[in-house]
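Topology and contacts: notes
Spelled out, the chains give:
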Amino acid sequence: MVTGMQRLSAAFDGAAVDRIPVFCNLLDQGAGELNLRLEEYYSHGERVAEAQIRMREKYGHDNVWCLFYVGKEAEFLGCRKILFAENGPPNVEDWVINSLEDIPRLEIPEDVSAHPAFEETLKCLSILRREIGGKYPICAYITASMALPALLMGMERWMDLLFLGPAGAREELLSRCHEFFVKELTAYREAGADVLIYSNPFGSTDIVPMGFFQECSLPWIEKDIRAAGPAGVVYYGGTARINPVMATVFERTGIKGYYMGPFDRVREGKEILAGRALACATINDIALIDWSPEEIRMQVRKIIQAGLPGGKFLFGTCVMPLDIPEPNIRAMLEAAFEFGSLEGGNPS
Amino acid sequence: MNLPPLLSLFSEALFDTDRDRALQLVRDAIHQGAAAEELIFEVVIPALEKCVTDLEECEELNLAQHFLTSQIAADVTEELLPRFRVAPETVGRVVIGSPHGDLHTLGKRIVVGCLRPRMIECADLGVNVSAERFVEEAENRRASVIAISAMMVHTARSEKGCLKVRDILRERGLEDRIKVIIGGAPFRFDDQLHQRVGADGWAPDGIQAVKAISRLIREARPW
Ligand code: B12
């Protein structure tokens, strides 16, 4: 039987196995799988690992996650309160940075792996590795230097600081976030994560103007990737569009995978990458809540038909909201397996 | 005062997100005898709308530029308001906030920034606002519109959010006086979603929000 890992490796290499790799990013759904409240579920790494394995077996997609929720990164850096909802992702409630004076006080843990907040994540990762390591890619999520401050002080105050200054405080915060980024990514890699999702909304021209991207975002992206190395890294704009920047990022960093936003044009993305890197196209999974199964099938077909020619292609979701009914998840995956089939022909 | 050249200079400053230049331009104009009223209505508002609409048309509207232009327009308005010869007449009142369970603030700040030059009075109720409070504050302030900024799917669709605001308005017979508008990331991903949560309108950005809110203010029965 072909494994998810073989499908992913083949896609990176431009080779063909039975079908394209299909990523389905289910996070909060794990709590329901184990009949737990979200807060209980996320308090134990073994629960997350168990649910990730179960959900992969149940639906048949190709990846699992060691990400609990993005706000965890703020916990590594001193956040003391996360707001848990009954029916949606946890959010940072206690900001680590409340004034400019807090920036020099920001402490970057010496050894991220030894940090208590990382303990459960590492536990989850080691179980995943033991149970399915090498068969199904384990994904980790790492927020880029330039996006991390949004988790520490909120998007509004970070936009103020980033665009209106003072420049000294901004550079200092970015440097500290960069230091943390490199340690975190290295820790994930050493612990056995295969796919390192490099999340950077500020690396999308939906969020910043092209001029700012070139002058400010790109140098920090280069710095991040030069320090951590591009192996296993996949570039992700947080579901914002990345087509306009992919070629530059590829040329300057050597990153080999690009996780596009649902509003990126797939065919255009493939042309931009021109076989140099893996194109990961995504479905709009917020609309997946209310689309009918027939509509879902049509949407999946449209995406895969646009992206399949030439190979080096992956179909995926963003972060699946809890409200998506199970039959819709199944309809999406069945369509992706069917239209993404490579039996009887090499995609290139 | 010859406003068209100023309009194009001010538009340029906005487009370049140069706050200092924008402020200097209106200060110089005031110095040369321009009226605060004409500066707002004939320079600030058209420039803000043109900048955002132009960017939108070439699919280049990005968050940072939208945030900065609305912020500069709001700051310039703040500086000009005390100089009005007659106290500016409020066009309508709005209460705005993020709903139950939602801590995001940036969306409503942009919307408030765009409403400010339009003389629409806007009370910011903050984050994690309960449906009851939205309605109470709107009633107390005799607001015509409740504006809700929801950034996540579960807060956008929640029984405790917009849907409940609608229920309370219905129970209290306030639906003709208070209209509900909603916005935030999930609504940009699903342009039908506003109907499912019982809102009277929605908008994908700050400029469209002003248009939709102005329409709702006109539709609401005056207090
Ligand atoms: C930047 C970003 C981040 C950053 C910063 C987060 C933060 N603290 O704010 C990072 C990378 C850290 C992040 C993390 C997460 N994110 Co995020 N993020 C984004 C992104 C790219 C932009 C969001 C943003 O700040 N926009 C700026 C605001 C101002 O834009 P806006 O809300 O759309 O507002 C405009 C309009 O909607 C309108 N508007 C806004 N309010 C109102 C109100 C009214 C009345 C009107 C008329 C109009 C209006 O005008 C505004 C100006 O144009 C979006 C995807 C996207 N492309 O939009 C995802 C997104 C918001 N994130 C999402 C999620 C799920 C998360 C996480 C919860 C993931 C997780 N499982 O942990 C975490 C939460 C982190 C936390 N807070 O603890 C989802 C939310 C949808 C959902 N599934 O529920 C999105 C939509 C991505 C997706 N498609 O899956 N995120």
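Scroll up a little and you will see the structure.
Residues numbered from 1 in each chain as written. Chains lettered and ligands numbered in written order. Predicted model: local features only at pLDDT ≥ 70, side-chain atom pairs only at ≥ 80, totals over all residues. Heavy atoms only, no water.

Along chain A, the regular secondary structure elements total 15 helices and ten strands. Its C-alpha atoms give chain A a radius of gyration of 19 Å, within 12% of the compact-globule value 20 Å for 348 residues. The principal-axis extents of the C-alpha atoms in chain A amount to approximately 60 × 45 × 35 Å. The buried share of chain A, reckoned over its 348 residues, is 60%. Long-range pairs, those at least 24 residues apart, make up 71% of the contacts in chain A with a sequence separation of at least 6. Put simply, chain A shows about 13200 Å² of open surface, and 50% of that area lies on carbon and sulfur atoms. Charge-centre separation for chain A: the mean point of 34 positive side chains lies 4 Å from the mean point of 48 negative side chains. (Helix = DSSP H or I, 4+ residues; strand = E, 2+ residues; numbered from the N terminus. Rg over C-alpha atoms; globule rule 2.2 N^0.38 Å. Buried < 20%, exposed > 50% of the residue type's maximum accessible area, 1.4 Å probe, protein only. Contact = heavy atoms within 4.5 Å. Areas by Shrake-Rupley, 256 points an atom, 1.4 Å probe, with all protein chains shown as cover. Lys, Arg positive; Asp, Glu negative; His and termini not counted. Charge placed at Lys NZ, Arg CZ, Asp CG, Glu CD.)

Of all residues adjacent to the ligand, which total 39 residues, the nearest are Val70(A), Val92(A), Ser149(B), Met151(B) and Val153(B). Within the contact set of the ligand, an oxygen atom lies 3.4 Å away from a backbone nitrogen or oxygen of Ala185(B). Secondary structure elements with two or more residues in the shell around the ligand: β4 (91-92) and α8 (148-153) of chain A together with α4 (63-80), α5 (106-115), β3 (145-149), β4 (179-183), α9 (185-189) and α11 (206-219) of chain B. Of the residues forming the shell around the ligand, the biggest block, four residues, is contributed by α5(B). Among the residues making up the shell around the ligand, the classes are represented as 27 nonpolar, ten polar and two charged. (Near = heavy atom within 4 Å. Polar contact = N/O pair within 3.5 Å; in protein donor to acceptor, adjacent residues only side chain to side chain. Nonpolar A, V, L, I, M, F, W, Y, C, P; charged D, E, K, R; others polar.)

With that settled, the discussion passes to the state of the cysteines. Residues and elements named next belong to chain A. Summed over the entire model, instances satisfying the criterion amount to zero disulfides over all chains. Cysteine Cys-79 shares no disulfide, and the gap to the nearest cysteine sulfur, in Cys-177, comes to 14 Å. Judged by its relative accessible area of 7%, Cys-79 falls in the buried class. Distance from the sulfur of Cys-139, which forms no disulfide, to the nearest cysteine sulfur (Cys-66) is 8.2 Å. Judged by its relative accessible area of 0%, Cys-139 is buried. (Disulfide = S-S within 2.5 Å.)

Attention shifts here to the environment of Val96(A). Among the structural elements, Val96(A) can be located in the loop between β4 and α6 (102-105). Val96(A) has contacts with Ala74(A), Leu77(A), Gly78(A), Cys79(A), Asp102(A), Leu106(A) and Leu152(A), leaving out every residue within four places of it along the chain.

Residue and element names in this part refer to chain B. Taking 1.5 Å as the rise per residue, helix α3 (residues 36-57) with 22 residues should run 32 Å; its terminal C-alpha atoms sit 30 Å apart, in good agreement. Turning to α3, its buried residues number three or more, namely Ala-36, Glu-37, Leu-39, Ile-40, Val-43, Val-44, Ile-45, Ala-47, Leu-48, Cys-51, Val-52 and Leu-55. Contacts made by the buried residues of α3 are with α1 (3-15), α2 (19-31), α4, α5 and α11. Phi for Glu-59, located one or two positions after α3, is positive at around 55°. (Expected span 1.5 Å × (residues − 1).)

A separate point is the sheet that holds strand β1 (residues 22-23) of chain A. All names here are of chain A. Read from one edge of the open sheet, eight strands run β1-β10-β9-β8-β7-β6-β5-β2, paired in parallel fashion. A single partner strand is all that each edge strand has here, and the edge strands are β1 and β2 (64-65). Both strand β8 (residues 257-259) and strand β9 (residues 278-282) contribute to a ladder of three bridges, which runs parallel. Within β9, the residue paired with Gly-257 across the bridge is Leu-278. Here helix α13 (residues 266-273) sits on the sheet in contact with β8, β9 and β10 (313-316), set at roughly 165° to β9. (Pairing = 2+ DSSP bridges. Axes fitted to C-alpha atoms, helices over the stretch in contact; angles between N-to-C directions.)

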